[in-house]
Structure formats: structure tokens, C-alpha cells
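Tertiary structure, described
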Amino acid sequence: MSDLFFSECRRYRRAALIAFLAHLALLLYLSRHNVLLAAPLHIQILALLIYALAGLGFALHQFASYRRPGRWLWLLHRPLPRRAIFGALTMASATMIVLVIGLPLLIVVAGNDWFHVRIVDLRHYVMAPYVALIVIVGWLTGAALLLAANRLAVLILALPGVMLLHESSALALLAASVVCALLMAAVVYASFKPNRATPPDGSLATVLAAVPLVLGLYLLVPASALFGVQWGVSAMRDHAYQAPVPGTDAEVRNARSGDLLRDGLRGATDARAERWQRELPQVTPQRLMQLPVIFGVPQQLSNKDTPSGKVGDTQLLSFSHDTMRFVVTDMATGATVATLGPDGIGTATAFPAVPALVGKVLLPHTVMQFNNDNSGFMTLATLPADEQYVARPVEFGYTAMLLTDRRLIAYATSMKEAPYRERYSVALPLPLGDLTRIDVASLSDGALVSFSGGAARSAGVEGKQVVVFVGADGRASTVATRAIAPNDWPLLQQAGWWLSPVLDVVTALPARILPNNDLYAASLRTAGLPQRSAAIWTAALLSHLLAVAGAWLWRRGALRYPGRPVGAGWLPACLVFGLPCLGALMVMYPHRANSKARTDATTQQVVAL
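Every value quoted in this text rests on a predicted model; they were computed, and no experiment measured them.

So, about the packing of aromatic side chains. For the structure on display, the rule yields 14 aromatic pairs. For the ring pair Phe 5 and Phe 6, a centre distance of 5.2 Å and an interplane angle of 80 degrees mean the geometry is edge-to-face. Taken together through their ring pairs, the aromatic side chains of Phe 319, Phe 326, Phe 351 and Phe 377 make up a single cluster.

Turning our attention to the pairing of strand β9 (residues 366–371). Within β9, 5 of the 6 residues are buried, which leaves it mostly tucked inside the rest of the structure. Of the pairings in the sheet, the one linking strand β8 (residues 361–362) to β9 comprises 2 bridges and is antiparallel in character. For Val 361, the partnering residue across the bridge sits in β9 and is Met 368. Where β8 hands over to β9, the hairpin turn is made up of 3 residues, counted between the paired strands. Pairing geometry for β9 and strand β10 (residues 376–382), over 6 bridges, is antiparallel. Bridging from a neighbouring strand, Phe 370 pairs with Phe 377 of β10.

Read across the open sheet, the 5 strands follow the order β1-β15-β16-β17-β18; overall the sheet is antiparallel. Whereas interior strands pair on both sides, the edge strands pair on one side only; in this sheet they are β1 (286–288) and β18 (476–483). Neighbour-to-neighbour, the strand axes of this sheet turn through a mean angle of 20 degrees, independent of strand direction. In this structure, strand β15 (residues 435–443) lies alongside strand β16 (residues 446–453), joined through 8 bridges in antiparallel fashion. Across the sheet, residue Val 440 finds its bridge partner in β16, namely Val 449. Each of β1, β15, β16, β17 (464–471) and β18 is contacted by helix α11 (residues 257–264), which is oriented at about 90 degrees to β15, the strand it contacts most.

Further remarks concern helix α6 (residues 122–147). Across its 26 residues, α6 extends 38 Å between first and last C-alpha, which sits within 8% of the 38 Å expected from 1.5 Å per residue. Approximately 30 degrees is the largest bend angle found in α6, and it occurs at Ala 128, with the proline Pro 129 only one to four residues beyond.

Hydrogen bonds between backbone atoms are what pair the strands of a sheet, whose relative direction is either parallel or antiparallel. Reading across from one edge, β2-β3-β4-β5-β6 is the order of the 5 strands in this open sheet, with antiparallel pairing throughout. Both outer strands of the open sheet, β2 (309–311) and β6 (344–345), are each paired with one neighbouring strand and no more. Sheet topology note: the strand β3 (residues 315–320)/strand β4 (residues 325–330) ladder contains 6 bridges and is antiparallel. Paired with Ser 318 across the two strands is Val 327, which belongs to β4.

With that settled, consider the nonpolar core. Within the largest apolar cluster, 89 residues are counted, with the highest numbers of intra-cluster contacts made by Ile 101, Leu 105, Met 127, Phe 192, Trp 570 and Leu 585. Counting residues per element, this core draws most heavily on α6, at 16 residues. Beyond its immediate stretch of four places on either side in the chain, Met 127 contacts Leu 36, Leu 37, Leu 105, Val 109 and Leu 301. The next biggest cluster of nonpolar side chains, apart from the first, holds 24 residues, and it includes Phe 396, Met 401, Leu 428 and Ala 447.

What counts and how
Residues numbered from 1 in each chain as written. Predicted model: local features only at pLDDT ≥ 70, side-chain atom pairs only at ≥ 80, totals over all residues. Heavy atoms only, no water. Phe/Tyr/Trp six-rings, centres within 6.5 Å; stacked < 30°, edge-to-face > 60°. Buried < 20%, exposed > 50% of the residue type's maximum accessible area, 1.4 Å probe, protein only. Helix = DSSP H or I, 4+ residues; strand = E, 2+ residues; numbered from the N terminus. Pairing = 2+ DSSP bridges. Axes fitted to C-alpha atoms, helices over the stretch in contact; angles between N-to-C directions. Contact = heavy atoms within 4.5 Å. Expected span 1.5 Å × (residues − 1). Bend = angle between axes of the 7 residues up to and from the residue. Core = buried A, V, L, I, M, F, W, Y, C linked by side-chain atoms within 4.5 Å.

Structure representation (C-alpha cells):
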């Protein structure tokens, strides 16, 4: 095994050395412009994609030469177990990736930390092994594509997509990438055999080969169906958002605030509704929820929710995840001017969470404003420990509207720097994750607040508009409710659930396990089974019965061919996982005449060699 390991390393030693030097030079150049550590999210995504494609290209070049029949048999018929051969190739490739990708990243991050005044946190050090693992996952993906028996092996991309495409802390994503790399290695090992055209040997190999196909088909089919229907409808007539039908999601999202409030009051039985209708054209309603706020987690790997800004024209404000404080640096020299905590400059206190700079300094339970008099922060409003702000404040006149995960709060403000005073609050009549917009209109005798839903159609939540009136005494009462029709058929919007409720839960597990502050998604986790309509439950039942029947018929056809045993475990698997599992069975055990001919030709070629 060691001989094969060193032989593979010697094979690519020159290319690895050139790649190491080129990668290090590029990182040093980007580091001079502070692109490496402070890159925005879209640059980080592009860089990860390039790294993954580099690993994919490495695997394509490496295994393309081995895949030729003569060299493939020569490789696998060494006096070594199959696992030792696969382990030597994998370890050699992973070692070169770590040296070419991970080591330059670690050198540059450490250089910025030791020889520069830029902020370098623990998350930046974790970035080096994380990126190396992303390249290893890309290499395993390329190996799986070349060693698989069918072209649909490209669906293996669903596995890292489900596990790694999340916003979370650096250490959590590093652990997830380790688990993903191990699963990918197990999937590739299941295809690492002399005759790649034959089905997997054994139950474990079958499960490993089927998991990426099942996940890929589950993610691909609903998205493709929804896109195809929307494209077909757009080809025949205007798209829903170009010519919205009254009372639908598209019409509600594009409507002006005054028109939406008037439409919501049409079914009101309150005697004051007619007077409110007459007053609405004379006021200027405000639309909220333009930009929701999802707070970053400590040591978050990406820079998406890391606060930053400018202090005047000469100083830069950055946030350190290690100290949980702001760092003020001079833009000309890069020198640190001061550190800033919630109690001001020069104090040792740290922020309890990663703040969001949205005109104010927004924390999960506190709204603060920088006080120029004492170079500190003044608290404007606070929340109980079990409640959290979820959107940036909207100010108009002497009123500031802030949305929490439980209610909408209206605060009275003043021209001076003074704390907010709560005027009234309205409990959310809809799940937070279903809200598309909130509209507020101040009238002569109070305020009208409209809550419009429809964002969680795929979760089975029925969209509706609820209009609430808040009197001068601060009491809120619901005055009108109307249903909002969907743009597409409910069966199509909820296809991801009725195709396989189990896979719907499985694909959502990483987002639930990894630490994050997405309260919009969390608000829908308790709105699961009871909100599905009878039609959706019937579709789920029929689809699973169809999957079992199709698996039984397909298994009978596949059993006609010797050497292609199809285990009976596929029947309960299709009952549990539904139609995507049936699709994986049909891909892995084809029994068409041309498939049999290709397999026979491959077998004869192997025997001849």
C-alpha cells in the first residue's frame, strides 16, 4: 500500500509543486488587497466553486487514465486488497490536495495574523482545512462520475449540496465537511471494482450507491417540474408577476400598500370599515419587511452577516468574532485606532451576539444607537429573553416599527437621542416564515396593520391576509381576513413533500442540526403535518403505493437476467422513500435490451483482456 501511495505522489509531484507555488502567489496578491479575509459572500461562493472544480478536474485527469480497460485491470489485480488500493490512491490525492490547497491558505492566514494589523479570527484559520476538504469532496465527486456505471451519477452532487450549503459556524461546517467527505469516499469505494457495469455487491454497497441517486432525484424532479410548468405558462401567456391575477400571491406582493389595505377591508363587517376606506387615499401607508435580518452566529465561516462599515471618511469599522467587539482602523495606514464594545471605547465588555448594522445597531434583544457625546452606545429598546428582533427598523415621522418573531411593535421616537417608548404591539396572526409583507396606515382614530402571507406554500401553509385595527388605547382587534390564492397548483408547490415526506425531513436535518439564527425557517417547523390538505395526503399515499407497485414490477423484470439480483429490500425502501427510490432502482438495475447488450460487451472485453 505504501509503494502505491508514494508512486501516486511521485506521479504528480511536479504538477503539485507548480500548483503550490502558483496558489501561494495568488493568495499573497489577494491578501495585499484584503480580498482573502474580508471578501463578500458572492466572492467566497465563487472561490469555493473554483476550488471544487479544481478537485473535480484533478480526479478526471487521474482516473481517466486508470479507467482504460488494460490499466484498470492492471491497477485492481495488484497483490493488494481492493480497499488497500483505493485507500492508497485516496490518501495520496488527499495529501497532495492538503499540501497544494490547505498549506498555502494556512501560511497566508498566519502571515496576516502575525505581520499585519488586520482582524484574523479563529474562523479564518478553520477556513484552510475547510477549503481543503471542499477540494477533496470535489475530487471524490470526479472519481464517482468516472467510476459509475451510468451517466446519472452526476446526481451525487446532491449529497454535498444537502450537507454543506448552509450558513453556520466554521467549526460546525468543518465537522459537516468531514462527515460529507467520509460518505462520499464510501460511495466511491462501492464503485471501485473490476467490472464497473455490474450492480453493487452486497447490501451496504447497494445503499451507498443508492443514497446519492435518491437524494438527487428527489431534489431534481420537483424543481424541474415547477420550472417546466412556469416556463410553459410564460410561453403561452404573461408570467404571473407580469400580469398578476387579482387575489393571488403575485398581486399581493406587487400591490401598493393603500390598494392592499383597501382590498383587505372589503370583507370587513366592522361599521368603521367604510370610513377607513375613505381615509386611506389621504394617508401614506408604510410597507415593512423589505429586508429581514438573520443574525450571524459567532465564528460564522462566511462574511454574509458579519457587520462592517465606515466611520467618517478615514476610518473602517470591522467586527472581530474572537473578541466580539468592533475594531476601528485607519483606512490609510491600516493601524488600529480603537476597539469598541457595547459600553463604548476602551471598555472590556463584549457584545452578547453578532450585531447587525441596519442604520441602528441591532442585536437579537436590543436596539442601540451610537452616541457621539461619549463614544458609546445608547440603548433604545429591549426585548424579553424569549423574543428576538427579525427585521430592520422602519422609521416614519415620530414612529419606529420593529418586527420580532412574535409581534409587531410600534415605538414612539423623538428628534433627540432618547430611548424609544412603546406605543402598541400586535401579535403576529401568521407564522413568521409565511409573511411576505406588512403594511401599516395611521388613521384618525388609530392604525390599520395588514399581515400578508403566502411565502410558505411549500410547507403547506395556506396564504391569507389579516387586517388588524389598533385603537388609540393600544388594543388590537382583527377586522378582516381573506384568503390569497396561489400562483401555481398546490400539488406542484408541495411536490417536495408528497413525493417523499421522509426525504423532506432528511434534507432539512442539516439546517436544523447546524447552529444558525434563521427564525423564519424555525417558525415553520411546528407547522408540519396538520396543515397539509386532504388532497396532498392523498397524493402522498398514492405516490408511495405507486412506488411499491413499480418496484415490484421492475424487480420481476430484472430477475429475468442472471447475475443481476435485486434484493427484496427495495420494496420496503420504496414504501418509505417513495418515487425517488423507485427511480434509483430503475437506474441501478436497468433491464432493457440495450443495457444488457452493453453489459455483455463489457464482460466479454474484460474476459478477453
